[in-house]
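# Architecture and fold: a report
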Amino acid sequence: MTHTAPAPRKPNALRAAVSVALLGGFYVYALLIVAAVAAGTVYVVMRFGSSRASVEVIGFGLGITVAVLVALYRALRHKPSPPQGVRLTRADAPGLWELAERSAEAAGTRGPDEILVDPDFNAAVSEDAKALGLVGGRRYLIVGLPLLASFTTGRFRAVIGHEFGHYSQAHTRLGALAYRGHVAVRLMLAAFAERRFNPVTWLFRAYAALFFNVQAGVSRAQEFEADQIAARLTGGENTRAAFRELPVMAAAWSRYQEQYMLLGAQQKLVPDDVFGGFAAFREGRAEEIEALRAEPLPDKAHRLDTHPPIAARVAALEGAPGEPRPGDEAPATGLLADFDAIARRVDAEWISPDVERVPWSELCHRTAAAVHGKQADAAYRAVERVLGPERANLDGLLTEAKEGRGKRLWADLEAANFPRGGVRTIIASAAIASGALRFELSWDGPMRVVGRDGEPFDVDGLSAMVFDEDTDAASVREALAKQGVDLALAVSSGATTAASHAAERARIIAASDVVELNGEKRHLFAATTGLAFLHLGQGEGEKRLKQVMQECGGVEGLIGSAALWLPFEEVKHIEQLKGMSYKARIVTQDGTEYTLVQKLMSDDIGKPFEVVDQFVRQRAQR
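Cut-offs and rules
Residues numbered from 1 in each chain as written. Predicted model: local features only at pLDDT ≥ 70, side-chain atom pairs only at ≥ 80, totals over all residues. Heavy atoms only, no water. Phe/Tyr/Trp six-rings, centres within 6.5 Å; stacked < 30°, edge-to-face > 60°. Helix = DSSP H or I, 4+ residues; strand = E, 2+ residues; numbered from the N terminus. Lys NZ or Arg CZ within 6 Å of the ring centre and 35° of its normal. Buried < 20%, exposed > 50% of the residue type's maximum accessible area, 1.4 Å probe, protein only. Arc of directions from axis to C-beta. Contact = heavy atoms within 4.5 Å. Pairing = 2+ DSSP bridges.

Going through the model one piece at a time under the given rule, you end up with 15 aromatic pairs. Measuring from ring centre to ring centre gives 4.6 Å for Trp 410 and Phe 467, while their planes differ by 40°; the resulting arrangement is tilted. In this pair, Trp 410 is assigned in helix 15 (residues 407–415) and Phe 467 in helix 17 (residues 459–467), connecting sequence segments 57 residues apart. By way of ring pairs, the aromatic residues Trp 253, Tyr 256, Tyr 260, Phe 275, Phe 278, Phe 281, Trp 360 and Trp 443 are connected into one cluster. When the ring centre of Trp 97 is taken as origin, the NZ or CZ atom of Arg 90, which lies over that ring, is 4.4 Å away. A cation over a ring is seen here: Arg 282 above Phe 278, with NZ or CZ 4.7 Å from the ring centre.

The next thing to look at is unusual backbone geometry. If a residue is not glycine, its phi is most likely negative; likewise, a peptide bond is most likely trans. With phi around 65°, Asn 417 is a residue other than glycine that occupies positive phi space. As for its placement among the helices and strands, Asn 417 is situated in the loop between helix 15 and helix 16 (422–433). The class of Asn 417 is buried, set by a relative accessible area of 9%. The phi torsion at Asn 518 lies on the positive side, around 50°, for a residue other than glycine. Within the secondary structure, Asn 518 sits in the loop between strand 9 (508–517) and strand 10 (520–527). For Asn 518, a relative accessible area of 46% corresponds to the partly exposed category.

Taken residue by residue, helix 18 (residues 473–482) has Ala 473, Val 476, Ala 479 and Leu 480 as its buried positions. Down the axis of helix 18, the sector holding all buried residues measures 125°, keeping them to one side. Opposite the buried face of helix 18, by more than 90 degrees, sit the exposed residues Ala 474, Glu 478, Ala 481 and Lys 482. Looking at the buried positions of helix 18, the neighbouring elements they touch are helix 14 (394–403), helix 16 and helix 17. Within two residues after helix 18, Gly 484 carries a phi angle of roughly 90°, on the positive side.

In terms of burial, strand 11 (residues 530–535) is largely enclosed, as 5 of its 6 residues are buried. In this sheet, strand 11 lies alongside strand 10 in antiparallel orientation, the contact comprising 5 bridges. Paired with Leu 524 across the two strands is Phe 533, which belongs to strand 11. Taking the residues that link successive antiparallel strands as the turn, the strand 10-strand 11 hairpin has 2 residues. In terms of strand pairing, strand 11 meets strand 12 (residues 564–567) through 4 bridges, oriented antiparallel. Looking at the pairing, Gly 530 lines up with Pro 567 of strand 12.

Take Ala 563: it is sitting in the loop between helix 21 (555–560) and strand 12. Those residues within four positions of Ala 563 in sequence are excluded, and the remaining contacts are Phe 533, Leu 534 and Leu 558.

Take a look at the structure:
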């Protein structure tokens, strides 16, 4: 089947004019604002002479002028980074190079100078255009390996046809203008980000709103054009099928990353065959993926979206002629000489060398074992608070539960922050240490928990026996031994503390510039697992908070900067006190008391004191 190249469209000239006008207009707009500020400054000086007001106005005018001129200079000097990816030679990907060159020829345009592959689910083209896009430059085709791995050849041809539609209509050259404009506008907005009540800020924000709205509309129109060209080059059926499949496989890749690939990220464990795992995931979750295909196509769009919704793009292709060709149902991986070898190169390029690479068969067990070990340590710490260090083990807990305080024990443990599911975690951790329990990977569902015989290991059943008032301690010990659990190994590993365990899981969600803690002024950083208090530094307000968070990178960095870290696990009681602002008394498990007071004029990021209240509510609901 032969497809003719599409003729260039007249609207491109209009779009180019719009892009030039928006970019040039921004610089003129900025210089007019500088001129207006300068004129206003001169008028005030002439009107009021060398008064204090004149000095303040001169300082204001100079500040605005310098900020605008610096932002414009940085925008003019800014150069886009070259596209990142693993470079494919013709020997690496003979089929892909042939497809790219044929698509370019059919589209009546020049082919790529380089083909790159990266780990994103996407495909894109870019051009190192010169003179604000008026002169063509080096061309790049960037292919996401997950997309290529999950598409048929026919659907992948449609994706490549779409990308070369951008080339044939000079969209990549217009992109240079759009990119330059985006850089200029964003740099100017950043320069005035802290000036909330400055009229100049309002003027730049108004222009930015206009700029981004118009450019987004231009970009969406370009996507529709490239879609039509793809249909002419590769056939309407292939193109429609490709666009229907894009959101499905993008969702599959995202789920695969969350549920499998990044499973051991916190433990710095990464599978040794990332892209092979994606193939196994698609096979194991075939029914789940079919359910995704049955869902309605996304049809919602925001006014600033650069791409139209998939539903609109498919609807625009209805009626486009063209049937699939022989070979279109073959996997697109056949376009590469050795997919596995290239996958390893992409893998090595993007994944940090600091992690440990492990087989899929080990990833699941080692990750789950590490998580259970840390959670069990948290449970043992609570047991130690109640029973003391000598009896902070599963055997001591059994003895006290069955022969001692009974119901009162569980109430005391709860007050000592015994984690939910703590008994289950202790048993599972002891079984892992005894070699009696193993976590097995399953591609079609949750991980399997099995014993030495390969049969399901009933952790829940053993846990229920601990709570059952009619089951004595001897029976529980016998059941544990029968399952191969060695009670001598049912003890804390001592590898983590409350502070370290909470810090490594913490995510900062709010902050306050100034609070009082026991009468001393500090910054407050409220995290998911505790509160961090840092001595006041240079600067003030929201800008200072953001700077600290950027420098420290998280709670562990704050601790390294001498912050007082108060994990919720160590908090026994929080009592809200009366006062004009938020005031609370915090009592830790060891009896240490802190008085926390909100400062009314402090700048906040988020709502830090709601984090404290939420912890109090959660404690009350337990």
